[in-house]
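# Summary of structural features
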Amino acid sequence: MNILITGAAGFIGSNFMYYMKEKHPDDMLIALDKLTYAGNLKNLKGMEDYPNYKFIKGDISDRAFIYKLFEDEKPDVVINFAAESHVDRSTVDPESFMNANVVGVGVLLDACRIYGIKRFHQVSTDEVYGDLPLDRPDLFFTEDTPLHASSPYSACKASADLLALSYLRTFNVPVSITRCSNNYGAYQFPEKLIPLMIANAVNDKKLPVYGNGLNVRDWLYVGDHCSAIELVAFKGKVGEVYNVGGHNERTNLEIIRTILKETGKGEDLITYVTDRPGHDRRYAIDPAKIMRDLGWEPTVKVEEGLKETIKWYLDNRSWWEEIISGEYQNYYDEMYGKYRK
Ligand code: NAD
Ligand code: TYD
């Protein structure tokens with residue numbers, strides 16, 4: 001089987017490549033990535049000596065390129081990770097999110113419709129449901145929760161989900177969708193909460209907490225997300241949406257305090273900065289459906305996974321130091337200077 005994995009040089013995509021290498025040794029793994037600021041070929045270094053692997057650089061919203069790729073590579077299964085993924089960036093440049101996360105998905109779906117496919121799997125997010133109040137810990141997102149996105153990022157992801165489902169109903173393209181909570185682990189770009197706070201703590205830089213730090217995220221170790229995606233893409237029912245999460249809700253301050261403790265730094269590094277516009281209060285997934293229907297189980301608790309992740313960032317300093325020393329510094333100065341005094 002030929003499996004096309006888009007966005008493969010990013011955080012979750014690269015972790016998924018390593019997962020698939022073990023799980024599908026006889027299948028051809030075709031990694032596609034535009035290599036935006038978030039895509040890094042170094043993330044795929046461990047794939048290079050694997051015979052059933054190739055990397056192709058390209059943009060999922062480039063129609064001619066995608067059609068040619070489908071003609072040449074004849075993918076049986078497409079798993080789409082490619083997206084602009086950072087909420088903060090979507091508040092300053094929404095258009096790039098519309099191009100990658102909506103137009104790009106539309107082009108992939110058209111290619112699937114024209115060239116034929118066994119499965120198109122869309123990697124979506126729990127952020128399509130909007131947020132939950134902080135004072136109702138009894139509430140969780142289920143697959144029936146109405147879509148109610150808050151940011152340009154999540155609105156574009158919700159649009160992609162609707163497009164995918166419409167291509168099943170109208171053109172019979174076999175699609176499936178997973179909506180996962182916040183991931184953490186190796187190779188996450190240091191603009192997201194956990195790697196940014198680790199890098200700042202290690203460098204004795206201030207840790208910028210948005211608002212009062214009491215917003216809640218439901219953290220899932222990236223390996224547990226990979227196992228859920230593989231299960232749904234190959235064993236899940238066509239047309240179904242599956243929520244993915246492991247009941248690991250923590251406030252941002254709880255996560256930050258753990259990072260400070262593990263890196264041996266003091267709480268004086270914490271600094272409260274202007275809140276993110278439209279900041280979602282709480283995400284919390286009810287994963288009952290994927291557990292019941294497909295037997296998926298998360299394997300890593302957040303305290304254990306966070307320790308492992310901190311260790312990975314400490315052992316792989318050159319990976320993130322290279323990133324934060326380049327173009328990323330301009331983003332950081334803009335975002336945390338002009339927008340967040
Ligand atoms: P990431 O930003 O680390 O990686 C995205 C990758 O997509 C990058 O390698 C980038 O170069 C590539 N890309 C962007 N636009 C492209 C285009 N037009 N054509 C081809 N490649 C393109 O993001 P991530 O955290 O790995 O997220 C991967 C997917 O998982 C996204 O679709 C995201 O919405 C979803 N997701 C992420 C999380 C999370 O916590 N990180 C949670 C749930 C769902
Ligand atoms: P993030 O990692 O950007 O993921 P998402 O917004 O998709 O959930 O942010 C996680 C939480 O951390 C979110 O509530 C915003 C907060 N946050 C900060 O307080 N400071 C920061 O510098 C960043 C990047 C995030």
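Anyway, here's the lowdown on the structure attached to this text. Quick caveat: nothing in here was measured; it's all calculated off a predicted structure.

The subject of this paragraph is the nonpolar core. Counting 61 residues, the largest nonpolar core has Ile5, Met17 and Ile79 as the members making the most contacts within it. Counting residues per element, this core draws most heavily on helix H6 (residues 193-202), at seven residues. With near-sequence residues (within four places) excluded, Ile5 lies in contact with Phe16, Met17, Met20, Leu29, Ile30, Ala31, Leu32, Ile79 and Phe81. Grouped together as the second largest cluster of nonpolar side chains are 35 residues, Leu108, Leu109, Val128 and Ala284 included.

Turning to the environment of Thr91, a few remarks are in order. Its place among the elements puts Thr91 in helix H3 (residues 87-92). As for Thr91 and Asn203, which are separated by 112 residues in sequence, their C-alpha atoms are 27 Å apart.

With respect to spatial proximity, 28 residues lie near ligand 1, and among them Ile12, Asp33, Ser85, Tyr153 and Lys157 are the closest. In the model, an oxygen atom of ligand 1 is placed 3.0 Å from a nitrogen or oxygen of the Gly10 main chain. Between Ile12 and ligand 1, the recorded distance is 2.8 Å, taken from a backbone N or O atom to an oxygen atom. Burial of ligand 1 by the protein amounts to 96% of the accessible area it has alone, namely 830 Å².

Following the sequence through the fold, Glu143 ends up in the loop between strand E5 (119-125) and helix H5 (152-171). Buried within the structure, Glu143 lacks any salt-bridge partner; Lys289 is the closest side chain of opposite charge, at an N-O distance of 5.2 Å. Among the polar contacts made by the side chain of Glu143, one reaches the main-chain amide nitrogen of Asn243 at a distance of 2.8 Å. If we skip the residues at most four places from it in the chain, Glu143 touches Tyr129, Arg179, Val241, Tyr242, Asn243, Asp286 and Lys289.

Once that is clear, we can look at the packing of aromatic side chains. Within this structure, the stated rule accounts for 21 aromatic pairs. Seen from their ring centres, Tyr184 and Trp219 are 6.3 Å apart, and the 75° between their planes marks the pair as edge-to-face. Of the two residues, Tyr184 is situated in strand E7 (residues 183-184) and Trp219 in the loop between strand E9 (216-218) and strand E10 (220-221); the sequence distance between them amounts to 35 residues. Here Tyr184 falls in the buried class, since its relative accessible area comes to 0%. Ring centres of Tyr332 and Tyr336 lie 4.4 Å apart, and the angle between their planes is 25°; on these two criteria the pair is classed as stacked.

Before going further, it helps to examine the layout of surface pockets. Reported here for the second largest pocket is a volume of approximately 160 Å³. Elements that contribute at least two residues to the lining of the second largest pocket include exactly H3, helix H4 (94-115) and helix H12 (328-338). The element contributing the most residues to the lining of the second largest pocket is H12, with three residues. In terms of residue class, the lining of the second largest pocket is built from six nonpolar, one polar and four charged.

Moving on, we get to the site of ligand 2. For ligand 2, the set of nearby residues contains 19 residues, the closest of which are Glu127, Arg217, Arg276, His279 and Tyr336. For ligand 2, an oxygen atom lies 2.4 Å from a polar atom in the side chain of Arg276. Note that an oxygen atom of ligand 2 is positioned 2.7 Å from one of the side-chain N or O atoms of Tyr336. Against a free-state accessible area of 510 Å², the protein chains account for coverage of 97% of ligand 2. Elements with a contribution of two residues or more to the shell around ligand 2: H6 and strand E8 (207-210). Of the residues that constitute the shell around ligand 2, the class distribution is nine nonpolar, five polar and five charged.

Cut-off values and rules
- Residues numbered from 1 in each chain as written.
- Chains lettered and ligands numbered in written order.
- Predicted model: local features only at pLDDT ≥ 70, side-chain atom pairs only at ≥ 80, totals over all residues.
- Heavy atoms only, no water.
- Core = buried A, V, L, I, M, F, W, Y, C linked by side-chain atoms within 4.5 Å.
- Buried < 20%, exposed > 50% of the residue type's maximum accessible area, 1.4 Å probe, protein only.
- Helix = DSSP H or I, 4+ residues; strand = E, 2+ residues; numbered from the N terminus.
- Contact = heavy atoms within 4.5 Å.
- Near = heavy atom within 4 Å.
- Polar contact = N/O pair within 3.5 Å; in protein donor to acceptor, adjacent residues only side chain to side chain.
- Areas by Shrake-Rupley, 256 points an atom, 1.4 Å probe, with all protein chains shown as cover.
- Lys, Arg positive; Asp, Glu negative; His and termini not counted.
- Salt bridge = Lys/Arg side-chain N within 4 Å of Asp/Glu carboxyl O.
- Phe/Tyr/Trp six-rings, centres within 6.5 Å; stacked < 30°, edge-to-face > 60°.
- 1 Å grid on protein atoms, 1.4 Å probe; cavity = no way out; pocket = protein on both sides within 12 Å on 5 of 7 lines; lining within 4 Å.
- Points joined across faces, edges and corners; volume = space filled by probe spheres on them.
- Nonpolar A, V, L, I, M, F, W, Y, C, P; charged D, E, K, R; others polar.

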